[in-house]
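What the coordinates show
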Amino acid sequence: MGKLLRLIGQRLGLGLLTLLVVSVLIFFAVELLPGDLAEAVLGQAATEETVAAMRAQLGLDRPAPVRYLEWLAGAAVGDFGNSLVTGDRVSEAIGERLLNTLMLATYAALIAVPVSIVLGILVALLRNSLFDRVANVLTLTSISSPEFFLGYILILYLSVKTGWFPAIASQTADMSLGDYLYRTFLPALTLVLVVTAHMMRMTRAAIINLLASPYIEMARLKGVYPLKVIVRHALPNAWAPIINVVALNLAYLITGVVLVEVVFVYPGIGQLLVDAVAKRDFPIVQACCLIFAATFILLNLAADVGSILTNPRLRHPK
Amino acid sequence: MKSNPVKSNSLSRRAFLGTTAAGVAVAGLAPGALRAQHKRGGTFRIARGHGQTTDTLNPGTFDNQFMNGLVYAYGGFLTAVAADGSVIPDLAESWEASADAKVWRFKMRPGITFHSGRPVTPEDVVTSINFHRGDDSTSAAKPLLEAIEDISVDGNTVVFTLSAGNADFAFIGSDYHLPILPSKDGTMDWQSGDGAGPYRIVEFKPGVSATVERFENDWNSNRGFFDRIECLAVLDANARITSLVSGDVHAIDKLEPKTVGLMARNASINIHSVAGNQHYTFAMSTNKDPYTDRNIRLALKHAVNREEIVEKILFGYGYVGNDHPIGRGQQFFNSDLAQTPYDPDKAKFYLKQAGVDKLSVELSAADAAYPGAVDAAVLFQNSAKAAGIDLQVNRAPNDGYWSDVWMKEPFSAVYWSGRPVEDSMLTLAYSSGAEWNDTFWDNARFNELLVAARAEIDLDKRRAMYWEMQEILNQDGGVIIPMFANFIFATGPGVVVSDKFASNWDLDGERWWERWSFA
Amino acid sequence: MLVFVILYYGVLIAASCAAVYFKQTKAFRLLFSLTLISMVVGIVGGATGLRTIAIAAGILAAAVGVSYAFREFLVQLARPSLAKELRTAPLTAAFGMFVIFVYAVAAIFAPWIAPFGEAEVISSAFAPADDMMLLGADQLGRDMFSRLIYGARNTVGLALAATTLAFLLGAGTGLWAAVRGGRFDVFVGRVVDILMSVPSLIFALLTLSIFGTNLVVLVLVVAVIYAPRVFRLTRAVAGNVVVMDYIEAARLRGEGDWFLIRREILPNTTAPLNAEFGLEFCFVFLLMAGLSFLGLGIQPPTADWGSMVRENATLISFGEITPLIPAAAIALLTVAVNFVVDWMLFRASGLKEH
């Protein structure tokens, strides 16, 4: 266990370093993109004069490394600066939207992860049966079109035609949890459909891959029920790839859902990033990217720790 | 999803002279639309196709229709544009100009207050206008106010002194960048969201929604019929449509032409299509080869199938253009000018004149230029093939289209929302050296006529000049204007709209806030 | 109408009886349950419902028939050792191979199969299907069927190249990192964290502004976006294998990294990797369409399925099937590829069932 804690500590430390590298990369990526904040904000009303005035006001005329270091100095003490466009604190601009994104991701994940793992176990158990085929065809079909298209179809059938759910997941301040779950059901369902196939198929593959192993054969010859063989004997050794795919999809739920946000008019962090990139509003872009980076780092770490925990050989290396 | 930096936004609003000429407003398609008496009350919800998380209440930064509309609700302006396109009083109750149109005196309406209860003073006007001027101004309205030399207060009157006469100066007071806001510490206080418009802001969430309530002490009791308005930023066209169909909102804008026909099947929805002067163009840089050669330009103009483009990009919600920016409804539209047809043989003839057999050019387009720009370019490519022109379509990213592609690439798709007044449109985009002369066109005769026509009082002579200018553009200009597009928006049941829509902006000239009501 | 209903049940019941007579219990169960379902549907949905069932069953039967025949065909053509394997392939795998074969034919012979050019405007927008245009026209009046065929040519090859490259990169580094371990492992892992952290929007825009727009760049971008995911998976699976005793034994024998990867680890990690490949292959279509909307890679009027869905997606809200057709093309290929992958997975697992 001590070794594991050391690993987590080491990885968290490296995580900070990774964040630093990411922040440098993002800063210079935004710098390298053609056009800058002044041009983007002023749009077609940009004249040489107004652009120059705006650059001077926002300090964009100073060299890039200086600006980066200034930002870094602020970030080091927890001050991520103000949006260059609106002048709002970055934390204020991001706070509510980040919360929205996390809530929707949690909602979708709480449905998708158990469903796909249970489905994965079932199709591994009933492999090559009609159920296996149908479940696979349905989930594969659902990921074969862009997620916003899936959203349109769900809206058409579950909202416009039947009126069961609202088409727009608009938020009000005084919503109860039940209200929230009802109003955001369609976006959550869309996300569930998008991520289920991947996790389910990986569960299936990882389990089937082990079924011919001698120890499984042994269990089966001993007359253990097929379901028990899978859950007790195969699954524990199949966790590593499953956990990794789950982590990948959880990360997607947080970082990749801008189109779902747009389709359901859900104010999440994805749209904020898209707008900020369009305006080259560096502090916001940077903050969003760092949140995404932290998501990946933490989820990847969790997946690695999970892989180690589920494999005694990794837990107690020789 | 990208903001569409609408070009007409900022520059001269001198446009709205000649009121009768202001584009024909067709309330077509919706004979069932209510035209009853206006009734007060109710909460009106509207879903708009614009609005970004980077929006602020700083009027100098307004660059999309969400803010354009919102400011007309909460802000008071010196002047306003009526539905028929004429300029009418708003916070200024009257105005007069000196004989040379260099000195303008605006007399303020007495007894008007901001929403906070503070009276609106002439000093507020001075700080509000000065906010956009000066060397360190970053306002989009700065070029608009360049001619102002001095602003002073004379009792209850604000006096503007211009460096050169401008007969249409009163129109500038209605520009949506120029609301009169309260001043604080000698500068304009836009942060508070206070204003002197018919509605006051209750809540503003950038890129999400804006909620306003009727201002009880509005000076004009004949406008602003809703108690409360919720304006939502819904960027996805499908989401707008479903929210209207399901009764979630009462009105939506920016309908996609290709789905309008399908939407019209729903009898409870009124679809409004308003013809204005908004046009979509392909601009050739006449200072870059091969577009320096007039014959090449003419060949390309004859290689585009305009009818097909209007049919397939606008689905009929618009009309064919003739390579000049003057709309059919305008006063000086040249009705005798022959329409340039789609004629591959003629295009080949012009290529031969230019001394080439085969022409290969690249056309840059992105849907940021206008919805359907890439498809329009593909249609152009297809029709040009018959004329032996190899036109490559380059799909540019929406991101940064206006800063990196427009006026940088020699041949690109462009959106112009048009001006109801000929002079301003022609000056803006076709006079030599103009900031937005995106074809880099310089025609001596045209420039000469432009200046002369501006000063000409005799209507017939003036018409003759504008007609000639259109002909020169048609024959020599670097712009291909295949189509003029309508504004298309829709309202749900129970909404009373105007008898005649304004055509200067989308959604009834963005004055729906004060002109519409529930039945 | 009545004739259809009577015939429908007549045929079903007769077939069921025949199945019983010839002791085909499986076929009987299938046919008779179809009869029962039909009765329920017939009561609820009337003759239209029955017709739908009949058509669905017909399509399914045709698919089964084709798969069966195609498998026999392959068995006849293949070398004896391969033929033996093929004979054990389930019908779904045969169906998958058949679909892939059809797509490949469509892609290779596109100009000869497609009745019109991919950019050729031949009719009005959204013209309905007729004898000349099997699937109607798209928003510009181009033949949908021809564009689908050309779409296969333009996208499948690119998707294959991008996915393969992503797997070579990702799986290669993943295996290597698992074998080498230590600092190298940690270092590569963090690089991957960084690569995953950069949002693909920024990544794509940056690439576009530096390298411009061409297909090679598109393939590379897609590969770089997906390789980290493959790396994570490979590293996790290989990590479990590396600690096995037989690897220890091989190391003590003095085998090199390359040998370990090739002979010991790779064979034990193919199953999850195969499964991943089947899915990523489909994701790549959608990603490429997304990127081409950002201006990267495939330029109009070149037909690609992902963009064909995107361009007309809103029409689905009005019940128009135009965007469903390319979506179905992608779905069919995805299902087909994954059926084959399932079979390979089953073979690789060494299970001896059925």
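All values derive from a computational prediction rather than experimental measurement.

About the cut-offs
Residues numbered from 1 in each chain as written. Chains lettered and ligands numbered in written order. Predicted model: local features only at pLDDT ≥ 70, side-chain atom pairs only at ≥ 80, totals over all residues. Heavy atoms only, no water. Helix = DSSP H or I, 4+ residues; strand = E, 2+ residues; numbered from the N terminus. Buried < 20%, exposed > 50% of the residue type's maximum accessible area, 1.4 Å probe, protein only. Contact = heavy atoms within 4.5 Å. Areas by Shrake-Rupley, 256 points an atom, 1.4 Å probe, with all protein chains shown as cover. Lys, Arg positive; Asp, Glu negative; His and termini not counted. Charge placed at Lys NZ, Arg CZ, Asp CG, Glu CD. Axes fitted to C-alpha atoms, helices over the stretch in contact; angles between N-to-C directions. Parallel < 35°, antiparallel > 145°, perpendicular 65-115°, else oblique. Left-handed = near helix turned anticlockwise from the far one by under 90°. Nonpolar A, V, L, I, M, F, W, Y, C, P; charged D, E, K, R; others polar. Buried area = accessible area lost by both parts, 1.4 Å probe. Salt bridge = Lys/Arg side-chain N within 4 Å of Asp/Glu carboxyl O. Core = buried A, V, L, I, M, F, W, Y, C linked by side-chain atoms within 4.5 Å. Polar contact = N/O pair within 3.5 Å; in protein donor to acceptor, adjacent residues only side chain to side chain. Pairing = 2+ DSSP bridges. Phe/Tyr/Trp six-rings, centres within 6.5 Å; stacked < 30°, edge-to-face > 60°. Lys NZ or Arg CZ within 6 Å of the ring centre and 35° of its normal.

Secondary structure assignment for chain A yields 15 helices and zero strands. Put simply, chain A has 318 residues, and 55% of those count as buried. Restricting the contact set of chain A to residue pairs at least 6 apart, pairs at least 24 apart contribute 73%. For chain A, the computed accessible surface area is about 12900 Å², with 69% contributed by carbon and sulfur atoms. Of the side-chain charges in chain A, 23 are positive and 20 negative, and the distance between the mean point of each set is 23 Å.

The N-to-C vectors of helix α6 (residues 130-142) of chain A and helix α13 (residues 324-349) of chain C enclose an angle of 135°; their axes lie 9 Å apart at closest approach. The orientation of α6(A) relative to α13(C) falls into the category oblique. Every pair of crossing elements has a handedness; the one defined by α6(A) and α13(C) is right-handed. Here α6(A) contributes A:R133, A:N136, A:V137, A:L140 and A:T141 to the contact with α13(C), which in turn contributes C:A331, C:T334, C:V335, C:N338, C:F339 and C:D342. For the contact of α6(A) with α13(C), the residue count by class is five nonpolar, four polar and two charged.

Taken together, the contacts link 25 residues of chain B with 28 residues of chain C. Roughly 2200 Å² of surface becomes buried between chain B and chain C when both sides are summed, with 59% attributable to carbon and sulfur atoms. Remark: the boundary between chain B and chain C carries one salt bridge. Salt-bridge contacts for B:R265 lead to C:E320; the nearest nitrogen and oxygen are separated by 3.5 Å. Elements with a contribution of two residues or more to the side of chain B that touches chain C: α4 (237-245), α5 (257-263), α7 (306-313), α9 (373-385) and β18 (389-395) of chain B.

Turning our eyes to something else, we now look at the nonpolar core. Ranked by internal contacts, the top residues of the largest apolar core, which has 77 residues, are B:L300, B:Y370, B:F380, B:F411 and B:Y430. A per-element tally of this core places α9(B) first, with eight residues. Excluding residues within four positions of it along the chain, B:F411 makes contact with B:F282, B:A283, B:M284, B:Y291, B:L300, B:V361, B:E362, B:L363, B:S364, B:F380, B:L391 and B:I480. Core analysis: the second largest hydrophobic core is formed by 65 residues, A:A108, A:A112, A:F165 and A:I208 among them.

Turning our attention to the side chain of B:N334. All names here are of chain B. Structurally, N334 is set in the loop between β16 (318-320) and α8 (344-353). Using a relative accessible area of 5% as the deciding quantity, one classes N334 as buried. Of the polar contacts made by the side chain of N334, one reaches the backbone nitrogen of L337; its length is 3.1 Å.

Summed over the entire model, instances satisfying the criterion amount to 42 salt bridges over all chains. The salt bridge partner of A:D304 is C:R232, with a shortest N-O separation of 3.0 Å. Here A:D304 is found in helix α14 (residues 282-310), whereas its partner C:R232 is found in helix α9 (residues 215-242) on a different chain. Assigned by exposure class, A:D304 and C:R232 land together as buried. Two residues, B:R228 and B:E230, come together in a salt bridge whose shortest N-O distance is 3.7 Å. Residue classification places B:R228 among the partly exposed residues on the basis of a relative accessible area of 26%. Counted as one network, the salt bridges with shared partners bring together A:D132, A:R133, A:R201, A:R204 and C:D342.

Let us now look at the environment of C:A125. Mapped onto the secondary structure, C:A125 falls in the loop between α5 (110-113) and α6 (144-180). In this structure C:A125 comes out as buried when scored by relative accessible area, which is 16%. With near-sequence residues (within four places) excluded, C:A125 lies in contact with B:E311, B:K312, B:F315, C:D138, C:Q139 and C:G141.

Here we come to the sheet that holds strand β14 (residues 270-274) of chain B. All names here are of chain B. Taken together, seven strands build an open sheet; the order of strands is β10-β11-β12-β1-β13-β21-β14 and the sheet is mixed. A single partner strand is all that each edge strand has here, and the edge strands are β10 (199-205) and β14. One ladder, built from five bridges, connects β14 with strand β21 (residues 487-491); its direction is antiparallel. Bridging from a neighbouring strand, H272 pairs with F489 of β21.

All right, on to the pairing of strand β6 (residues 148-154) of chain B then. Residues and elements named next belong to chain B. Bridge count between β6 and strand β7 (residues 157-162): six bridges; the pairing is antiparallel. The partner of I148 across the bridge, within β7, is L162. Two successive antiparallel strands, β6 and β7, enclose a turn made up of two residues, where G155 displays a positive phi of approximately 65°.

Before going further, it helps to spend a moment on the packing of aromatic side chains. Residues and elements named next belong to chain B. If you walk through the whole model with that rule in mind, you get 55 aromatic pairs over all chains. Between Y291 and F411, the aromatic rings sit 5.4 Å apart at their centres with planes inclined by 55°, giving tilted as the arrangement. A residue pair is termed long-range when its members are at least 10 positions apart, and Y291 in the loop between β15 (279-284) and α6 (294-302) and F411 in strand β19 (residues 411-416) qualify at 120 residues. For F411, a relative accessible area of 0% corresponds to the buried category. Ring plane angle 25° and centroid distance 4.1 Å describe the contact between W512 and W513, whose orientation is recorded as stacked. Like W512, the residue W513 is buried in the burial classification. In this structure, R109 packs its charged tip against the face of W219, placed 3.7 Å from the ring centre.

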